[in-house]
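# Inside the fold
Here's the letter readout for the chains.
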Amino acid sequence: MKSRQAMISMVAAALFVAMTATTTAQQTAAERLNAMMAGDPDALDGKTKEKSRPPFEFVRSQVPPFDVLPYVKKHHWFTLNLELQANAGDYQGLLRTAAEVSGRPQIQLLDMPQAMIFSRRAGLVKEQKTRLGMEMMLPTHIKELNLELTRPDLIRPDGLTAAQLLQLEPHQMVIPILAVDPSPYEAWRRMQATIPRSAQIEDKAELEKHRYYRLSLPLTDRPILSPSALSWTTLSHLVWDGMSPGLLPTPQQEAMIDWIHFGGQLIIMAAGPNTVALLEESFLKDYLPAISSGKNVTLGEADLKGFAEAYPPP
């Protein structure tokens, strides 16, 4: 009799524990749901978080040499950098411009029936941000360039995004500033050499369209330059002010040398003896117009006579 009562007590205790566990689990699930609705990111467990994330995250797009403003000029090549991440797993495919938008070719050649698609291989490692660069040329300006991640055997792309593009007017050129401290060059944006002062234009947006030069001031200690000389045709001058040459990767160094050979103007701000000395042992050593002597010399009228005769005032 006692053993039977003990058995009944054990069963009752087990049922009580099971009911308590079920109630606790329900309360925990309800609390987690309430926390999710309240916007608490820690309310999700690891698996749920992974499921809630999109398969691809498109972080940002850039057009060198600009960190933020993506200025491009039609009929000129430019490099589009796209920073993205694969969340579902490693990915091997293609990054390309969409063939059509709203049933019409996206990049239509002028006065020709053919359309263009620019593409490159895309290899992504799971949960690791990757920057992919792609050179392209647009016959007409496109404000929003549609891009897609795809594979050759797919009907629909794996991922879609759009890159916003701003128009660089035909008469405008770009001047990158490679400086340790680029802030003093902010005043150059308002100089008469870069923006017209004679025109009576009150609208700021309209005045920007008449600007001669657009300056590109880096936001970090590593400027963004294209590794392809094709994309340097919109650059008229490049100002070098004390930046270490070692910060430029080899492809960007080679692109700069090609750009100089094709007529690019490199301006070196010799503010101190170390400014030129840095470049004398760099990839630019064979292209420097002068060698630093370490001495300051005051030029007089006789020294400047030749320059004055060769370049008389208008």
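The following refers to the structure shown. (Residues numbered from 1 in each chain as written. Predicted model: local features only at pLDDT ≥ 70, side-chain atom pairs only at ≥ 80, totals over all residues. Heavy atoms only, no water.)

## Brief notes about the overall build of the protein chain
- Each helix and strand counted, the protein chain has six helices and 15 strands in total.
- Per-residue burial for the protein chain yields a buried fraction of 33% across its 314 residues.
- Taking the contacts inside the protein chain whose residues are at least 6 apart along the sequence as the reference set, 69% of them involve residues at least 24 apart. (Helix = DSSP H or I, 4+ residues; strand = E, 2+ residues; numbered from the N terminus. Buried < 20%, exposed > 50% of the residue type's maximum accessible area, 1.4 Å probe, protein only. Contact = heavy atoms within 4.5 Å.)

## Let's talk about the pairing of strand β4 (residues 91-97)
- Two strands pair when backbone bridges link them, and β4 and strand β7 (residues 119-124) are joined in this way by six bridges, in the antiparallel orientation. When the bridges of β7 are listed, Gly-93 appears paired with Ala-122.
- Bridging between β4 and strand β9 (residues 144-150) involves four bridges; their strand directions are antiparallel. When the sheet's bridge partners are listed, Thr-97 is paired in β9 with Leu-147. (Pairing = 2+ DSSP bridges.)

## A few points about the environment of Leu-138
- Structurally, Leu-138 can be placed in the loop between β8 (130-137) and β9.
- Among the residues examined, Leu-138 registers a relative accessible area of 2% and is labelled buried.
- Residues Leu-138 and Ile-107 lie 31 residues apart in sequence; the distance between their C-alpha atoms is 6.8 Å.
- Setting aside chain neighbours within four positions, we find Leu-138 in contact with Lys-74, His-75, His-76, Phe-78, Ile-107 and Leu-165.

## A closer look at unusual backbone geometry
- The linkage connecting Pro-64 with the following residue, Pro-65, adopts the cis geometry, with an omega of 5°.
- Relative to the helices and strands, Pro-65 resides in the loop between β1 (56-62) and β2 (71-72).
- Phi is positive for His-75, which is not a glycine, with a value near 70°.
- In this fold, His-75 is placed in the loop between β2 and β3 (77-86).
- Residues other than glycine seldom take positive phi values, yet Ser-102 does so here, at roughly 55°.
- With respect to the helices and strands, the residue Ser-102 is situated in the loop between β5 (100-101) and β6 (104-105).

## Quick notes on a nonpolar patch on the surface
- Taken together, the side chains of Val-297, Leu-299, Leu-304, Phe-307 and Tyr-311 present a nonpolar region at the surface, about 600 Å² in accessible area.
- Residue placement: Leu-299 occurs in the loop between α5 (273-280) and α6 (301-310). (Patch = residues over 30% accessible without salt bridge, like charges linked within 9 Å, V, L, I, M, F, W, Y side chains within 5 Å. Areas by Shrake-Rupley, 256 points an atom, 1.4 Å probe, with all protein chains shown as cover. Salt bridge = Lys/Arg side-chain N within 4 Å of Asp/Glu carboxyl O.)

## Concerning the nonpolar core
- Formed by 24 residues in total, the largest nonpolar core has its most connected members in Phe-78, Leu-80, Leu-95, Leu-124, Leu-145, Leu-147 and Leu-149.
- When residues of this core are traced back to their parent elements, those giving at least two are β3, β4, β7, β8 and β9.
- Examining the composition of this core, we find that five residues originate from one element, β3, more than from any other.
- Apart from the residues within four sequence positions on either side, Leu-149 is in contact with Phe-56, Phe-58, Leu-84, Tyr-91, Leu-94, Leu-95, Ala-122, Leu-124, Pro-157, Asp-158 and Gly-159.
- Counting 20 residues, the second-largest nonpolar core is a separate cluster that includes Ala-255, Trp-259, Leu-279 and Leu-284. (Core = buried A, V, L, I, M, F, W, Y, C linked by side-chain atoms within 4.5 Å.)

## With respect to the sheet that holds strand β14 (residues 237-241)
- Judged by pairing direction, the sheet is parallel, and its four strands sit side by side in the order β13-β12-β14-β15 without closing on themselves. With partners counted over all chains shown, the strands left at the sheet margins are β13 (213-216) and β15 (265-268), one partner each. Each strand axis lies, on average, 20° off the axis of its neighbour in the sheet, ignoring direction. (Axes fitted to C-alpha atoms, helices over the stretch in contact; angles between N-to-C directions.)

## Topic: the packing of aromatic side chains
- Applying the stated criterion across every chain, the model contains six aromatic pairs.
- Both rings, one in Trp-240 and one in Phe-283, keep their centres 6.3 Å apart while their planes meet at 55°; by these two values the pair is tilted. With Trp-240 in strand β14 and Phe-283 in the loop between α5 and α6, the pair connects residues that are 43 residues apart, well separated along the chain.
- Taking relative accessible area as the criterion, Phe-283 reaches 16% and is therefore assigned buried. (Phe/Tyr/Trp six-rings, centres within 6.5 Å; stacked < 30°, edge-to-face > 60°.)

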